[in-house]
Amino acid sequence: MHFSHYVLGLVASASAIDVYFHNSGDCSGAAAVCTNLNPNDCCTGNSPTLAYRGVPTNWHINAQGYSGGGCGSPKWLADLNGRTWVCMTVNSRDNYTGSRYWFVSRRRAEENTCKESVKPDTLVLADGITKYDIVGLDDAKVDELLAIAGSGVGPEGMPEELQVRRK
Ligand SMILES: *[C@@H]1O[C@H](CO)[C@@H](O)[C@H](O)[C@H]1NC(C)=O
């Protein structure tokens, strides 16, 4: 139980892992983002590349990218131990549709199961600065907005209806 307690302490004090579904081939540009993703929660989306950012350097985690719908079939496994970010790139499998991470431990592997599914809460434009709250929008809408944002436009290029959601 020491491990669980330790992990909870870390999560409470410093959880800041953000997962980016990038509408590009190289983890650049616009993205739909799950902000502060908790361990084992599955962040769902649909994009060719996927990045983890803001990983505390004193955490040792494994991050798994999936294709085939949600956290369906494993596509990319990253080991982060001192690195703040990783880009999961394009390979022979379909788009990334989900991702989750867990703390690396030699014990209690049975806890490594997907707990909950969460959707991206933020859309960030290619400028990396302009952000919109996308909580509650349906998946098709988010895909549509990400496609527009993926062309590299600034806030003036986004639909008017989004203005009230600007962060
Ligand atoms: C893959 O992701 C891109 C960008 O989000 C999207 O335009 C495309 O339709 C997706 N492909 C599939 C097969 O869903």
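This text gives an overview of the structure that appears in the document. Everything numeric here is computed off the predicted structure, so don't read it as measured data.

### Observations concerning the site of the ligand
- The local shell around the ligand consists of N23, N46, S47, P48 and N95.
- With respect to the ligand, the backbone of N46 contributes an N or O atom lying 3.0 Å from an oxygen atom.
- N95 has a polar side-chain atom sitting 2.3 Å from an oxygen atom of the ligand.
- Relative to its unbound accessible area of 360 Å², the ligand is 45% covered by the protein chains.
- Classifying every residue of the shell around the ligand by side-chain character gives one nonpolar, four polar and no charged.

### Things to note about the packing of aromatic side chains
- The full count for this structure, using the stated rule, is three aromatic pairs.
- Seen in terms of ring centroids, Y52 and Y101 are 6.2 Å apart; in terms of plane orientation they differ by 85°. Their pairing is edge-to-face. Linking Y52 in strand β4 (residues 49-53) with Y101 in strand β8 (residues 96-103), this pair joins segments that are 49 residues apart in sequence. One exposure class covers both Y52 and Y101, and it is buried.
- Residues Y101 and F103 carry aromatic rings whose centres are separated by 6.4 Å and whose planes lie at 70° to one another, so their mutual orientation is edge-to-face. The pair Y101 / F103 is uniform in exposure class, with both members buried.
- Linked through ring pairs, Y52, W59, Y101 and F103 together constitute an aromatic cluster.
- Across the ring face of Y20, the terminal group of R53 is positioned such that the distance to the ring centre comes to 4.5 Å.
- Note that K75 overlies the ring of Y96, its terminal NZ or CZ placed 4.6 Å from the centroid.

Scoring rules and cut-offs
Residues numbered from 1 in each chain as written. Predicted model: local features only at pLDDT ≥ 70, side-chain atom pairs only at ≥ 80, totals over all residues. Heavy atoms only, no water. Near = heavy atom within 4 Å. Polar contact = N/O pair within 3.5 Å; in protein donor to acceptor, adjacent residues only side chain to side chain. Areas by Shrake-Rupley, 256 points an atom, 1.4 Å probe, with all protein chains shown as cover. Nonpolar A, V, L, I, M, F, W, Y, C, P; charged D, E, K, R; others polar. Phe/Tyr/Trp six-rings, centres within 6.5 Å; stacked < 30°, edge-to-face > 60°. Helix = DSSP H or I, 4+ residues; strand = E, 2+ residues; numbered from the N terminus. Buried < 20%, exposed > 50% of the residue type's maximum accessible area, 1.4 Å probe, protein only. Lys NZ or Arg CZ within 6 Å of the ring centre and 35° of its normal.

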